[in-house]
Amino acid sequence: MSASAEQKMQFLFALRSKGVTDTRTLNAMETIDRGPFVRDGLFSNRAYEDMPLPIACGQTISQPSVVGLMTQALDVQPRDKVLEVGTGSGYQAAILSHLARRVYTVERHRRLIREAQAQFDRLGLTNVTAIMADGSHGLPDQAPFDRILVTAAAEDAPGPLLAQLREGGIMVLPVGQSDAVQSLIKVTRQADGFDYEELRAVRFVPLVEGLGQD
Ligand code: SAH
């Protein structure tokens, strides 16, 4: 299923009304159709509503306005190498791939990696690579990164991710207890340390250590 003209208009309207105003972010979200990333037949008719939806392995595809706000806060530049932690459906990674030079996305469930990679192949996105790994350790082989986006909540910014952020780089992530409301924060690496900015309240699935069973 793909979006009708009216669904597309409402989808973009919802993004703008929730504060997604950055043109490049809106363009990328207009280009990448969310429908095919919502595979569960029960929910495919809700793909263009501004709500999170269940995907395989007990995980969720994030709410579009949250994807938009995180993407715009990340301020991705065309030459950037980006790390995403928590591939899930692959939707966020596909959007990042439109904005960045190179995207690495890591996920602890093999099934989600396989399905996300199939979506990237279908869309001909050749600058995004999905890797099965525990993203709380980052991706040392490819570090440092210009931008890091974490789409699962840890209690605090994981040390290895801070270490893999380039000077001048930005990381956006939800922090807080997994069963409570969390804060979305933006971390900027300066020459002499890190700046922290709190953006808004969010709710994400937890960042879990180790690899999944499926
Ligand atoms: N960005 C996704 C939504 C992610 S939901 C999308 O666009 O659809 C969060 C994902 O983080 C889940 O798929 C979960 O399995 C994954 N995750 C949780 N802990 C992780 C870890 N330590 N390493 C990698 N992925 C993790």
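Reading the values: rules and limits
Within each chain, residues carry numbers counting from 1 in the order of the written sequence. pLDDT decides what is reported in this predicted model: residues at 70 or higher carry local features, side-chain atom pairs at 80 or more are listed and counted, and totals for whole chains, interfaces and linings draw on all residues regardless. Derived side-chain values reflect all non-hydrogen atoms in the structure, with water molecules and hydrogen atoms excluded from consideration. UniProt positions are given in the numbering used here, feature names are shortened, and annotations may be inferred rather than shown by experiment. Numbering of helices and strands runs from the N terminus, with a helix taken as a DSSP run of H or I at least four residues long and a strand as a DSSP run of E at least two residues long. Partly exposed residues are those whose accessible area sits between 20% and 50% of the maximum for their type, while under 20% is buried and over 50% is exposed, using a 1.4 Å probe and protein chains only. We call two residues in contact whenever any of their non-hydrogen atoms come within 4.5 Å of each other. As used in this record, nonpolar core signifies buried Ala, Val, Leu, Ile, Met, Phe, Trp, Tyr and Cys residues forming a set joined through side-chain atoms within 4.5 Å. What counts as a salt bridge is simple: a side-chain nitrogen of Lys or Arg found within 4 Å of a carboxyl oxygen of Asp or Glu.

**A few points about the UniProt feature "active site" (unreviewed entry) in the chain**
Thinking step 1. Residues annotated in UniProt with the feature "active site" (unreviewed entry) correspond here to Ser62.
Thinking step 2. You can see Ser62 is positioned in the loop between strand 2 (60-61) and helix 3 (64-74).
Thinking step 3. With a relative accessible area of 18%, Ser62 lands in the buried category.
Thinking step 4. Among residues more than four places away in sequence, those in contact with Ser62 are Arg34, Met51, Pro52, Val67 and Phe204.

**Side note on the nonpolar core**
Thinking step 1. Within the largest apolar cluster, 47 residues are counted, with the highest numbers of intra-cluster contacts made by Leu74, Tyr91, Phe120 and Val172.
Thinking step 2. Contributing elements (two or more residues each) for this core: helix 1 (5-17), helix 2 (23-31), helix 3, helix 4 (91-99), helix 5 (110-123), strand 5 (128-132) and strand 7 (165-175).
Thinking step 3. Core analysis: the second largest hydrophobic core is formed by 18 residues, Phe145, Leu162, Leu165 and Val187 among them.

**A closer look at the pattern of salt bridges**
Thinking step 1. Under the criterion given, the structure shown has six salt bridges.
Thinking step 2. One salt bridge in this structure joins Asp75 and Arg24, with 3.6 Å as the shortest N-O distance. Of this pair, Asp75 sits in the loop between helix 3 and strand 3 (81-85) while Arg24 sits in helix 2, placing them 51 residues apart in sequence.
Thinking step 3. By relative accessible area, Arg24 is classed as partly exposed at 32%.
Thinking step 4. One salt bridge in this structure joins Glu115 and Arg111, with 3.0 Å as the shortest N-O distance. In this pair, Glu115 and Arg111 are both assigned in helix 5, four residues apart and thus about one turn of the helix distant.

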